[in-house]
4 protein chains.
Amino acid sequence: MSIEKMISEHPAVGDGYNESLGLAVRHALYCAAVCNSCADACSGEVMEMQRCIRLCSDCSDICEATYRVASRRTDENRAIIREMLALCIKACETCAEECEKHDHAHCRRCAQMCRECARDCKAAMEELQAEAA
Amino acid sequence: MSIEKMISEHPAVGDGYNESLGLAVRHALYCAAVCNSCADACSGEVMEMQRCIRLCSDCSDICEATYRVASRRTDENRAIIREMLALCIKACETCAEECEKHDHAHCRRCAQMCRECARDCKAAMEELQAEAA
Amino acid sequence: MSIEKMISEHPAVGDGYNESLGLAVRHALYCAAVCNSCADACSGEVMEMQRCIRLCSDCSDICEATYRVASRRTDENRAIIREMLALCIKACETCAEECEKHDHAHCRRCAQMCRECARDCKAAMEELQAEAA
Amino acid sequence: MSIEKMISEHPAVGDGYNESLGLAVRHALYCAAVCNSCADACSGEVMEMQRCIRLCSDCSDICEATYRVASRRTDENRAIIREMLALCIKACETCAEECEKHDHAHCRRCAQMCRECARDCKAAMEELQAEAA
């Protein structure tokens, strides 16, 4: 399955498929799932993980809105997509900073996913801004 | 049912319940539902409503992330909430502008809800910024 | 704002607006938000609330899918809506049973909301089944 | 990234990781994204795609609730997961049947994803039922 191929088959895409945005969509999708799972795993830990649960939950919600909005190609909504990507970068970095403080395997994996998602959203945002300029 | 009362009963809230943020949460919740319904109603219209479907869908997704993130009170995540509110305002205004072009009763109602949500998110954002200053 | 009025303005609804389904949509919407807030409030409590966080999170996700699917009126998808309502009833009852064990104000409010949502989904489901018979 | 590895690192999982449920989670996640993208692509087509938009939207919402609920491992909520999987199977099959009627590349891809998701949810549901017996 490739969400990128799916997006490229939208009738409005044609030759103008945006690769960096497609990659950001895929990683925001994964990151939504990984953060949702990390919030659950953190609530199953013996130690106090309140802050991590909260930031993972927020990051999951924001990544989900990001992948849904950024994968649409009917008409266009670029100004919103750019700001959505900017918010997603901050949510991912905030979550990664917290997860990196903990030695749980799920937190390490979640932090890595958040960093990757933030990097790809940044690349996609910069390309959208370059196009708009 | 009052989501605002619910939030005020969070163990961390105490005397510090933020009324403007509670109102923004309630209206983002309603707006998520109204925009989801308007996207569906638009796809049932005979005339071409592509752009309206797209903007309503995006606005619904963003309102949903907004109400979920902004209703949490464990620890805190204020910088993210402020930017989420800023994005929600833009998504609501973009959707309202489009819906206001159409004479369908559902579009008029959706535009009104989006304007109300944008106004409440703005008030909440300004109060959060004043507190941070 | 009334999500029920919004649904009644869908071009396919005409005289056939389903009141019991509209009420179920409204309460599933509220219940999604209340359960999301209760999961957050539970994670902020000093005592162990793992099971309550899990069941509130599940119930919130299911209520959200329920209100979104059940509020659409384009074409129809009744068999899915009936099963979605049936699942929502179980998720709400499971969550209410757990929340009723705790003396927190947010848990009492959440349990009450879940019971109300389950009751309205049941009425809507029965009406849909009667129509199908 | 692997959502399955993420789930296997939950503190409660230990040796009891459920492979078929992990696969169902992964494909429900992909299917939520593919159906959301297909609904958008369908609304961009010249021909009438109302029913397809509706069924893809419903399927996306249900797949999303499915992957979120089925990926949690804190405490347990097996009866709900089983019924969620059962609903997801029906939503995917209903969506696939409609998408298979259309010759768009995105509809063919969406139908294939829905069939795959339905098959994996079925395997996961049967394993959960065998364990419960």
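This one's a predicted model, so the numbers in the text were calculated from it and none came from an experiment.

In terms of nonpolar packing, the biggest core is built from 204 residues, with Cys110(A), Cys110(B), Cys110(C) and Cys110(D) touching the most fellow members. Apart from residues no more than four positions distant in its own chain, Cys110(D) is found in contact with Met6(A), Val34(D), Cys35(D), Cys38(D), Cys56(D), Cys95(D) and Cys99(D).

This paragraph deals with the relation of the copies chain A and chain B. Expressed as a screw operation, the relation of chain A to chain B combines 0.0 Å of axial shift with a rotation of 180 degrees, fitting to an RMSD of 0.0 Å. Viewed as a symmetry operation, the transformation between the two copies matches a two-fold axis. Within chain A, the C-alpha atom positioned nearest to the axis of rotation is that of Ala65(A), 3.2 Å from it. When the interface residues of chain A are mapped onto chain B, 100% of them again fall at the interface, so both copies present the same face.

Time to look at unusual backbone geometry. All names here are of chain B. The backbone phi angle of Asp 75 is positive, close to 50 degrees, even though this residue is not glycine. Positionally, Asp 75 belongs in the loop between α3 (50-70) and α4 (78-99). On the basis of relative accessible area, Asp 75 is assigned to the partly exposed category, the value being 39%.

To continue, consider the side chain of Ser60(B). Tracing the chain through its elements places Ser60(B) in helix α3. Filtering out sequence-adjacent residues up to four positions away, Ser60(B) remains in contact with Ala32(B), Cys35(B), Asn36(B) and Arg68(C).

This part is about the relation of the copies chain A and chain D. With an RMSD of 0.0 Å, the fit of chain A onto chain D corresponds to turning through 180 degrees and sliding 0.0 Å along the axis. The fraction of interface residues of chain A whose copies in chain D are also interface residues reaches 100%, indicating that both copies meet through the same surface.

Here the focus is the packing of aromatic side chains. Taken as a whole and judged by the stated rule, the model has 2 aromatic pairs over all chains. Between Tyr30(A) and Tyr30(D), the aromatic rings sit 6.1 Å apart at their centres with planes inclined by 40 degrees, giving tilted as the arrangement. Taken together, the positions of Tyr30(A) in helix α2 (residues 19-43) and Tyr30(D) in helix α2 (residues 19-43) put the pair across two chains. Relative accessible area serves as the criterion here: at 9%, Tyr30(D) is assigned to the buried category.

Moving on to the interface of chain A and chain D. Put simply, an interface is often sized by how much accessible area is lost when its parts join up. Each partner contributes to the interface: chain A provides 36 residues, whereas chain D provides 36 residues. Carbon and sulfur atoms make up 57% of the area that chain A and chain D hide from each other, which totals about 3,200 Å². Linking chain A with chain D are 4 salt bridges, by the criterion used here. As a salt-bridge pair, Glu64(D) and Arg68(A) come within 3.8 Å of each other at their nearest N and O atoms. Applying the counting criterion to the chain A and chain D interface returns 20 residue pairs in polar contact (both at pLDDT 80 or more). When residues in the side of chain A that touches chain D are grouped by element, the largest group, 11 residues, is from α2(A). When its residues are assigned to classes, the side of chain A that touches chain D shows 16 nonpolar, 10 polar and 10 charged.

With that out of the way, let us pick up the confidence of the model for chain A. Model confidence for chain A is summarised by a mean pLDDT of 95, while 99% of its residues fall at 70 or above. Among the scores for the predicted complex, ipTM is 0.96 and pTM is 0.97.

Before going further, it helps to examine the interface of chain A and chain B. In this assembly, 26 residues from chain A lie in contact with 26 residues from chain B. Of the roughly 2,400 Å² buried where chain A meets chain B, counting both sides, 55% is carbon and sulfur surface. Our count for the contact surface shared by chain A and chain B stands at 10 salt bridges. Asp61(B) is the partner of Arg72(A) in a salt bridge, and the nearest nitrogen-oxygen pair spans 2.9 Å. One can count 20 residue pairs in polar contact (both at pLDDT 80 or more) joining chain A with chain B. Secondary-structure elements contributing two or more residues to the side of chain A that touches chain B are α3 (50-70) and α4 (78-99) of chain A. Top element by residues in the side of chain A that touches chain B is α3(A). It accounts for 12 residues.

Rules used in this analysis
- Per-chain numbering applies: the sequence of each chain, read as written, is numbered from 1 onward.
- Think of it this way: whatever chain is written first is A, whatever ligand is written first is 1, and the rest follow in order.
- Side-chain atom pairs in this predicted model are given and counted only at pLDDT of 80 or more, local residue features only at pLDDT of at least 70, and totals for whole chains, interfaces and linings cover all residues.
- In computing side-chain properties, one takes all heavy atoms of the structure into account and sets aside hydrogens as well as water.
- Grouping buried Ala, Val, Leu, Ile, Met, Phe, Trp, Tyr and Cys residues that are joined through side-chain atoms within 4.5 Å yields what is termed a nonpolar core.
- Exposed residues in this analysis have more than 50% of their type's maximum accessible area, buried residues have under 20%, and partly exposed residues fall in between, with area computed by a 1.4 Å probe over protein chains only.
- Here, residues are in contact when the closest pair of their heavy atoms is within 4.5 Å.
- Copy-to-copy superposition: least squares on the C-alpha atoms, limited to residues that have pLDDT of at least 70 in both copies.
- Secondary structure elements follow DSSP: runs of H or I no shorter than four residues count as helices, runs of E no shorter than two count as strands, and numbering proceeds from the N terminus.
- Note on aromatic pairs: the rings of Phe, Tyr and Trp (six-membered ring only in Trp) are paired at centre separations within 6.5 Å, and the planes decide the class, stacked below 30 degrees, edge-to-face beyond 60, tilted for the rest.
- The term buried area refers to how much accessible surface (probe radius 1.4 Å) is lost by two components on association, counted for both of them together.
- By definition here, a salt bridge exists when the distance from a side-chain nitrogen of Lys or Arg to a carboxyl oxygen of Asp or Glu is within 4 Å.
- Whenever a nitrogen or oxygen atom comes within 3.5 Å of another N or O atom, the pair is scored as a polar contact, on the condition that within protein one atom can donate a hydrogen and the other can accept it, and that pairs from neighbouring residues in sequence are kept only if both atoms are in side chains.
- When residues are grouped by polarity, Ala, Val, Leu, Ile, Met, Phe, Trp, Tyr, Cys and Pro land in nonpolar, Asp, Glu, Lys and Arg in charged, and all others, Gly among them, in polar.
- For every residue, the predictor states its confidence as a pLDDT score lying anywhere from 0 to 100.

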